[in-house]
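# Geometric and topological summary
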Amino acid sequence: MEAPKVRVFRVEGMDCADCARKVASALEEVPGVVGVQVNYASGKAYLVLEREEALREAEARLAPLGYRLLQAEGEGEGLPGPWPWALLSGGLLLLAWVWDAFFAGGGLPYALAALVGVLPLARKGLLGFRRNPFGIQVLVSLATLGALAIGAAQEAAVVVFLFLLGEVLEAQATLQARKGLLSLGGLLPRRALRVGEAGVEEVPLSALRVGDLVRVPQGERVPADGVVASGEAWVEEAAFTGEPLPKAKGKGDRVFGGSLVEGGALLVRVERLPGEGFLAEMARLAEEAMLKKAELERFMDAFSRRYTPFVLLLAGFVAFVLPVFLGDFPGHLYKALALLLIACPCALVVSVPAAIASGVARGARLGVLFKSGAALERLSQVRHLALDKTGTLTLGRPRLVRVVPFGVRAEEALALAKGVAQGSAHPLARAVREAEGPLAEAGDHREVPGQGVFARVGGKEVGLLRPEALPLPPEVREAVASLAAEGHTLSLLVEGARPLALLAFRDEPREEARAALQALRRMGLRLHLLTGDRKEAALALARALGLEAGEVEAGLSPEDKLRRVAALAEAGGVAMVGDGVNDAPALARATVGLAVVEGTEAALRAADVGLLSLEALPRAFALSRKTLAVVWQNVLFALGLKGLFLLTTLLGLTGLWPAVLADSGALVLVTLNSLRLLRAPLP
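Residues numbered from 1 in each chain as written. Predicted model: local features only at pLDDT ≥ 70, side-chain atom pairs only at ≥ 80, totals over all residues. Heavy atoms only, no water.

## Quick word on the overall build of the protein chain
If you tally the helices and strands in the protein chain, you get 22 helices and 24 strands. Considering only intrachain contacts with a sequence separation of at least 6, the fraction spanning at least 24 residues in the protein chain is 69%. (Helix = DSSP H or I, 4+ residues; strand = E, 2+ residues; numbered from the N terminus. Contact = heavy atoms within 4.5 Å.)

Below, the structure written as structure tokens:
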């Protein structure tokens, strides 16, 4: 038996949330399809297939409903939505008005316009009736035929035309939203200048391989992620960081595929293929985030499932019960037909995911990678921000600046330290490895989070520890106090329990850290610096970044960080920003965990949000709050409009065509309101 395969398709004709439900329902019934996820925002279907033959049956199930499975790459051709039927319906309605004005033709021309326009809706409604008897096509068809039955042919024709027009506008708005979500891939150039033995040749991106050298002249975009082999240039990375100002890049610097070389030229060694680079990763994370629903979206889905039956019951009561006591059956039936149109929950269902999808897409352009809509929603609600020190507020590239030996030569101590440091990815271990000096042979490396790294050298266990991990003799304590007072980060080299040397490091704060913290403070967030480093080093950094002493908690083990984050989570919610293995438990426990992309893989896996740089952190909070504000605008607008027309319909103040606006009009407006997030100004 074949292992299940995941296939991704673009669904042609899926222009609304109701369509997505129908597609998912139909695909779930196909034998051989063991998993289905349909994402209305991106217009894609994710199928888990046990056998390839199931794909043909899935296509056969969707074809009668008006949908097609296409390859995920590329875009559809032509105008979206039922525009031919909208044009035909509008044209017949116009002719009916002209005929009525000059020839007094009665309701027949309007009835013809209504019947022609409702034909595709009735067909689609009948095909999907078994799966969704309360679909919008069914409701509009019933309302139209009912209006014709009571002699309201003109209103029936207007209702059908307005609905079809709304469908076209909604499909167009949805298309624009999807283009906004998937526009990142358009930043890559179509061809690259590859440098080989025969010189420079122009090749398609598909011909590039890892290790190739590509030349990027001024005014061109980098074709793939890589490292600068030679040259200097100003490179604009606004698509990744949201910062329009270019950055200087030179030999050894990393560049992303899609970034623009504005001044100078670069020779770049390809590290990741164009289709597997950071742009592709951002697009993938954005699509995955849209598949994971926010809590508010789940609530609106549950509400909409109860809303439609309630309004339909109300319509039945108005049509068949009230006339028994009040008379006027045609008048009450007319009101009930209007209620059928108001019963459609499409605007309610779309109000949340449309905004979340736009927020996720905007975040990807600003260097903020939300892994789920729920993370974006929760981030707007936190009141505390906990920050790691090394690698988050600092560059994470500490330099070894001094070795203070105790009973051994400094060169011997450094050689032992370099041997032990081979077994750790910690920034301090990297600094030891990069220091000039001999290297001792070491084996059996092991790392204890929160304590240090150990190895066997010459049959003895040697370790690099936090000075607090052991009781220290007076001489060592004095050296620790003196170096810590100067703001150094310290590591103790030991053989067993005997101190051999004290290693002092200096790590510079990030240039953008002070401005980022000031922006976060202006947003009303309470800041907490949580670090395992010594208090003196932490306070020195805090002074440089404008943090107060009361906002600093030093000497914390990973367990201490976890307990502190858990306490803050209970006191109004906390977002935790970290980059190392030690931060992973706290990131997972936080209300929202954020990890700097250049940090460790463990931190990135545990986090809910990835940050390309620290300067993206304020934008993440601003975007989450802006997105949630748009979500509530959409929800209140959709609910308010439907509630208003529900009331005016029952009072007899509005009729059929305003009821269409309560659904199709609201649907278009909440979609357009959500699209504002793609360009809305952020602090």
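Don't stop here, the text continues.
## What about the packing of helix α9 (residues 295–326) against helix α10 (residues 329–342)?
Orientation of α9 relative to α10, taken along the N-to-C sense of each, is 175 degrees, at an axis distance of 9 Å. In terms of axis orientation, α9 runs roughly antiparallel to α10. Between α9 and α10, the contacting residues are Tyr307, Val311, Leu312, Leu314, Ala315, Val318, Ala319, Phe320, Leu322, Pro323 and Leu326 on the first element and Phe329, His332, Leu333, Lys335, Ala336, Leu339, Leu340 and Ile342 on the second. Within the contact of α9 with α10, the residues separate by chemical class into 17 nonpolar, one polar and one charged. (Axes fitted to C-alpha atoms, helices over the stretch in contact; angles between N-to-C directions. Parallel < 35°, antiparallel > 145°, perpendicular 65-115°, else oblique. Nonpolar A, V, L, I, M, F, W, Y, C, P; charged D, E, K, R; others polar.)

## Description of the packing of helix α11 (residues 346–365) against helix α22 (residues 656–675)
At a minimum axis separation of 8 Å, α11 and α22 run at an interaxial angle of 10 degrees. Put simply, α11 runs roughly parallel to α22. Between α11 and α22, the residues in contact are Cys346, Ala347, Val350, Ser351, Ala354, Ala355 and Ser358 and Asp663, Ala666, Leu667, Val670, Thr671, Ser674 and Leu675, respectively. Residues that form the contact of α11 with α22 fall into these classes: nine nonpolar, four polar and one charged.

## Things to note about the pattern of salt bridges
Taken as a whole and assessed by the stated rule, the structure comprises 19 salt bridges. Ionic pairing is found between glutamate 29 and arginine 61, a salt bridge with its closest N-O pair at 3.7 Å. Highlighted residues: glutamate 29 in the loop between α1 (17–28) and β2 (33–39) and arginine 61 in helix α2 (residues 53–62), separated in sequence by 32 residues. On the basis of relative accessible area, glutamate 29 is assigned to the partly exposed category, the value being 33%. A relative accessible area of 27% places arginine 61 in the partly exposed class. Residues arginine 466 and glutamate 468 are paired through a salt bridge, measuring 3.9 Å at the closest nitrogen-oxygen approach. Overall, the relative accessible area of 22% leaves arginine 466 in the partly exposed class. (Salt bridge = Lys/Arg side-chain N within 4 Å of Asp/Glu carboxyl O. Buried < 20%, exposed > 50% of the residue type's maximum accessible area, 1.4 Å probe, protein only.)

## Here's the deal with the sheet that holds strand β23 (residues 592–596)
Read across the open sheet, the seven strands follow the order β12-β24-β23-β22-β13-β20-β21; overall the sheet is mixed. Whereas interior strands pair on both sides, the edge strands pair on one side only; in this sheet they are β12 (368–370) and β21 (552–553). Together, β12, β13 (384–387), β22 (574–578), β23 and β24 (609–611) form the strand contacts of helix α21 (residues 616–650), whose direction differs from that of β12 by roughly 45 degrees. (Pairing = 2+ DSSP bridges.)

## Some remarks on the side chain of serine 351
Residue position: serine 351 is located in helix α11. Setting aside residues up to four positions removed in sequence, serine 351 forms contacts with Met300, Asn634, Val635, Val670 and Ser674.

## Some thoughts on helix α14 (residues 427–434)
Among the residues making up α14, those that are buried are Pro427, Leu428, Ala429, Ala431 and Val432. In this fold, the buried residues of α14 make contact with β14 (399–405), α13 (410–421), β18 (489–495) and β19 (498–506).

## What to know about the side chain of lysine 642
With respect to the helices and strands, the residue lysine 642 is situated in helix α21. A residue is classified by how much of its surface remains accessible, and lysine 642, at 2% relative accessible area, is buried. When sequence neighbours within four positions are dropped, the list of residues in contact with lysine 642 reads Tyr307, Leu341, Ile342, Cys344, Leu348, Ala662 and Asp663.

## Examining a nonpolar patch on the surface
A cluster of nonpolar residues, Phe317, Phe320, Val321, Val324, Phe325, Leu326 and Phe329, forms a patch on the protein surface that exposes about 770 Å² of accessible area. If you tally residues by element for the nonpolar patch, the top one is α9, at six residues. Its place among the elements puts valine 321 in helix α9. On the basis of relative accessibility, which here comes to 31%, the residue valine 321 falls in the partly exposed class. (Patch = residues over 30% accessible without salt bridge, like charges linked within 9 Å, V, L, I, M, F, W, Y side chains within 5 Å. Areas by Shrake-Rupley, 256 points an atom, 1.4 Å probe, with all protein chains shown as cover.)

## Points about the nonpolar core
Generally speaking, nonpolar side chains in soluble globular proteins are found buried as a group. With 103 residues, the main nonpolar core has Leu617 and Phe621 as its most contacted residues. In terms of residues, this core owes the most to one element, α21, which gives 13 residues. With residues near it in sequence (within four places) discarded, leucine 617 still touches Leu385, Leu387, Leu520, Val577, Leu594 and Leu611. Membership of the second largest hydrophobic core comes to 25 residues, among which are Ala413, Leu414, Leu416 and Val457. (Core = buried A, V, L, I, M, F, W, Y, C linked by side-chain atoms within 4.5 Å.)

## Some words on the sheet that holds strand β17 (residues 460–465)
With antiparallel pairing, six strands are arranged side by side in an open sheet as β14-β19-β18-β17-β16-β15. Bordering the open sheet on either side are β14 and β15 (443–448), each of which pairs with just one other strand. Along the sheet, successive strands turn relative to each other by an average axial angle of 20 degrees, direction set aside. Relative to β19, β18 is paired through seven bridges, and the arrangement is antiparallel. When the bridges of β19 are listed, serine 491 appears paired with leucine 503. Across the face of the sheet, α13 comes into contact with β14, β15, β16 (452–457), β17, β18 and β19 while running at roughly 85 degrees to β17. Strands in contact with α14 are β14, β18 and β19; relative to β19, the strand with the most contacts, it is inclined by about 95 degrees.

## Structural notes on unusual backbone geometry
The residue aspartate 328 is not glycine, and still its phi comes out positive at about 55 degrees. By secondary structure assignment, the location of aspartate 328 is in the loop between α9 and α10. Positive phi is not limited to glycine here, since aspartate 444 has a value of about 50 degrees. As for its placement among the helices and strands, aspartate 444 is situated in strand β15. Relative accessible area serves as the criterion here: at 62%, aspartate 444 is assigned to the exposed category.

## As for the packing of aromatic side chains
A full pass over the atoms with the stated rule returns one aromatic pair. Looking at arginine 446, its charged tip hangs above the ring of phenylalanine 454, at a distance of 4.5 Å from the centre. (Phe/Tyr/Trp six-rings, centres within 6.5 Å; stacked < 30°, edge-to-face > 60°. Lys NZ or Arg CZ within 6 Å of the ring centre and 35° of its normal.)

## Description of the environment of alanine 429
Counting through the fold element by element, alanine 429 comes out in helix α14. Spatially, the C-alpha atoms of alanine 429 and valine 453 are 8.6 Å apart, while their sequence positions differ by 24 residues. With near-sequence residues (within four places) excluded, alanine 429 lies in contact with Ala421 and Ser424.

## Remarks on the environment of alanine 143
Relative to the helices and strands, alanine 143 resides in helix α5 (residues 136–149). When sequence neighbours within four positions are dropped, the list of residues in contact with alanine 143 reads Leu337, Leu340 and Leu341.

## Here's the deal with the pairing of β16
Burial within β16 is extensive, with five of its six residues counted as buried. As judged from the four bridges shared by β15 and β16, these two strands associate in the antiparallel manner. Bridge assignment links valine 448 to a residue of β16, and that residue is glycine 452. Looking at chain direction, β16 and β17 are connected through six bridges and run antiparallel.

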